Amino acid sequence: MTEYDLVIIGGGPGGYVAAIRAAQLGMNVACVEMRGSLGGTCLNVGCIPSKALLSTSHKFHDAQNHFADIGIKASVSLDLKTMLDKKDKIVVDLTKGIEFLFKKNKITYVKGRGEITSASEVLVDGKETIKTKRILIATGSDIVRLPGVEIDEKKIVSSTGALNLNPVPEHLVVVGGGVIGLELGSVWKRLGAKVTVVEYMDKIGGPMDAELAKNFQRVLEKQGIVFKLGMKVTAADAKGKGVSLNMEPAKGGAAERLDADVVLVSIGRKPYTENLGLDKVGVKLDERGRIAVDSHFETNVKGIYAIGDVIAGPMLAHKAEEDGVVCVENMLGQKSHIDYNLVPGVIYTWPEVANVGKTEEELKAAGVDYKVGKFPFLANSRGKAVGETEGFVKLLADAKTDRLLGCHIIGPDAGTLIHEACLVMEFGGSSEDLARTCHAHPTLSEALKEAGLAVQGRAIHV
Ligand SMILES: Cc1cc2nc3c(=O)[nH]c(=O)nc-3n(C[C@H](O)[C@H](O)[C@H](O)COP(=O)(O)OP(=O)(O)OC[C@H]3O[C@@H](n4cnc5c(N)ncnc54)[C@H](O)[C@@H]3O)c2cc1C
């Protein structure tokens, strides 16, 4: 029987990237995946299908609402089936692409559910045992359910069901004003639904910088999304044609009813370790049910490692990928490292919202003396030229050393622009480094340079 150097359980962005990097480094690798396709949550039901719909719905909305302003006359109607089919094809192409990469790197793809029976054995579908020197758990995450609100993926859906609604619901209620709820709420709003977002906290966007969250909410309200903040959904009745939701103020008060055609429950995700055999081999979890690992991603059981959504840190595909690379490089004695403070976060609405590093609230709480530099896209000539003037760049720099501590952007292509700040911060750079770097004109990136200048109170174009 073959003994692998590494068996990875889970073929998502954490697992498949770790498999490729391990193979590049000369390991004999197998990856066990039970979904029937590679790519995990991200490619199959997460990042990729949601971004496909965000892109196509944005184009539809633009054509319907903004083309006439710029002198393009068009008669536009929605062919939802084609839009959904297109999204599905993108997913299939990408997941097949990973199969190709596995073949290219001579990685064994094992289809089935993996269960750890010892630190050197993985049982697949209860039948076949694979022998290995090391095991890497990359089993990802699952949706958090709301008590009293049962998901049927038809009228009460998770993010997975919300990627396939047909027809467009008249009224979509999104429970949870975090990244996934706001992205998918935006999709269906653009395609014609009335959208109401019910959020337990009194701000949207989770831990987002409060100034950005306020602006972001205002922008989404201008687009027609209705927000009910500080409200707790307590029950859902789906017996009738639609769904009737009961909710009450989070801080206490009179209950309210809200009727919807479809309810999307998007209140978060939790680590997925079901039937993995962790208790049998003694792998410890932390207080939040995540697999506990050390700085080399090794669990308390020697030879068993874990990465991605199933451990602590931001639940993001690129974080899972970096975890995977760092983990396998460390297995072979390299000194790789990932700094979770520099993992960017992006919300792919329009405008986009992106962040890296600390928020103003975090700096205040830590007693750090900081300076703020802001620059609006309204004063950015490229933004003006292409009709994208919503939003601003906000930089936070250490008041004494000028080291860049945080960057928060709401605006066009924020998710691409943020990487300039990521790179400066990876190198321990300053706001002056950004400000003194020659930026091509006219580009949206100039807004970052100007925000850097603004930290010193010397922006040119405002
Ligand atoms: C709607 C939505 C949109 C998102 N958008 C973004 C985005 O734009 N950007 C971003 O960075 N992140 C996004 N995410 C989050 C992102 O998908 C996750 O952070 C990422 O997929 C985590 O990667 P992972 O490899 O840790 O786990 P996963 O991608 O969840 O992969 C784990 C895999 O393990 C398999 N598995 C589990 N248990 C077993 C077992 N016992 N045996 C065999 N296989 C098993 C599962 O089938 C799954 O395929 C989104 C998520 C959702 C739901």
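Chemist: Before we move on, can you summarise the packing of aromatic side chains with the specific residues and values?
Modeler: Taken as a whole and assessed by the stated rule, the structure comprises 1 aromatic pair. Measuring from centroid to centroid gives 6.3 Å for Phe-102 and Tyr-109, while their planes differ by 85 degrees, and the two rings are edge-to-face. For the pair formed by Phe-102 and Tyr-109, the shared burial category is buried. For Lys-374, the ring lying beneath its charged end belongs to Phe-392, and the centroid distance is 5.8 Å.

Chemist: Mind laying out the packing of helix H3 (residues 47-65) against helix H4 (residues 80-104), listing which residues take part and the relevant values?
Modeler: For the pair H3 and H4, the least separation of the axes is 9 Å and the interaxial angle reads 145 degrees. Once H3 is placed against H4, the crossing between them reads as right-handed. Together, Ile-48, Pro-49, Ala-52, Leu-53, Thr-56, Ser-57 and Phe-60 of H3 and Met-83, Leu-84, Lys-87, Ile-90, Val-91 and Leu-94 of H4 make up the contact between the two elements. Along the lines of polarity and charge, the residues of the contact of H3 with H4 split into 10 nonpolar, 2 polar and 1 charged.

Chemist: Report on the site of the ligand, specifying residues and quantitative values.
Modeler: Neighbouring residues of the ligand: 39 residues in total, closest Glu-33, Thr-41, Lys-51, Gly-114 and Ala-317. At 3.2 Å from an oxygen atom of the ligand is found a side-chain nitrogen or oxygen belonging to His-318. Residue assignment for the shell around the ligand shows that the elements contributing at least two residues are helix H1 (13-24), strand E2 (29-33), helix H2 (40-45), H3 and helix H8 (317-331). Top contributing element to the shell around the ligand by residue count: H2, with 4 residues. Of the residues contributing to the shell around the ligand, the split by class is 16 nonpolar, 17 polar and 6 charged.

Chemist: I'd like a rundown of the pairing of strand E15 (residues 262-265), residues and numbers included.
Modeler: Every second residue of E15 is oriented toward a common face, with Val-262 and Leu-264 on one face and Val-263 and Val-265 on the other, all of them buried. Here 2 bridges tie strand E8 (residues 156-157) to E15, and the two strands are oriented parallel to one another. Looking across to E15, one finds that Ile-156 is bridged to Val-263. Direction of pairing for strand E9 (residues 171-175) relative to E15: parallel, over a ladder of 4 bridges. When the sheet's bridge partners are listed, Val-173 is paired in E15 with Val-263.

Chemist: Tell me about the packing of H1 against H4, and name the residues and values.
Modeler: H4 packs onto H1 with a crossing angle of 25 degrees between their chain directions and a minimal axis gap of 10 Å. Of the possible angle classes, the one that applies to H1 and H4 is roughly parallel. Classified by chirality, the crossing of H4 by H1 is left-handed. Contacts between H1 and H4 pair Tyr-16, Ala-19 and Ile-20 from the former with Ile-98, Leu-101 and Phe-102 from the latter. Residues that form the contact of H1 with H4 fall into these classes: 6 nonpolar, no polar and no charged.

Chemist: Run through helix H11 (residues 414-426), naming residues and quoting values.
Modeler: With 13 residues, H11 should reach 18 Å at 1.5 Å per residue; the first-to-last C-alpha distance of 18 Å fits that figure. Among all positions in H11, only Ala-414, Gly-415, Leu-417, Ile-418, Ala-421, Cys-422, Val-424 and Met-425 are buried. Against strand E18 (345-347), strand E19 (352-357), strand E22 (404-411), helix H12 (431-436) and helix H13 (446-455) lie the buried residues of H11. Among the residues trailing H11, Gly-428 stands out with phi positive, at a value near 65 degrees.

Cut-offs applied
- Residues numbered from 1 in each chain as written.
- Predicted model: local features only at pLDDT ≥ 70, side-chain atom pairs only at ≥ 80, totals over all residues.
- Heavy atoms only, no water.
- Phe/Tyr/Trp six-rings, centres within 6.5 Å; stacked < 30°, edge-to-face > 60°.
- Buried < 20%, exposed > 50% of the residue type's maximum accessible area, 1.4 Å probe, protein only.
- Lys NZ or Arg CZ within 6 Å of the ring centre and 35° of its normal.
- Axes fitted to C-alpha atoms, helices over the stretch in contact; angles between N-to-C directions.
- Helix = DSSP H or I, 4+ residues; strand = E, 2+ residues; numbered from the N terminus.
- Left-handed = near helix turned anticlockwise from the far one by under 90°.
- Contact = heavy atoms within 4.5 Å.
- Nonpolar A, V, L, I, M, F, W, Y, C, P; charged D, E, K, R; others polar.
- Near = heavy atom within 4 Å.
- Polar contact = N/O pair within 3.5 Å; in protein donor to acceptor, adjacent residues only side chain to side chain.
- Pairing = 2+ DSSP bridges.
- Parallel < 35°, antiparallel > 145°, perpendicular 65-115°, else oblique.
- Expected span 1.5 Å × (residues − 1).

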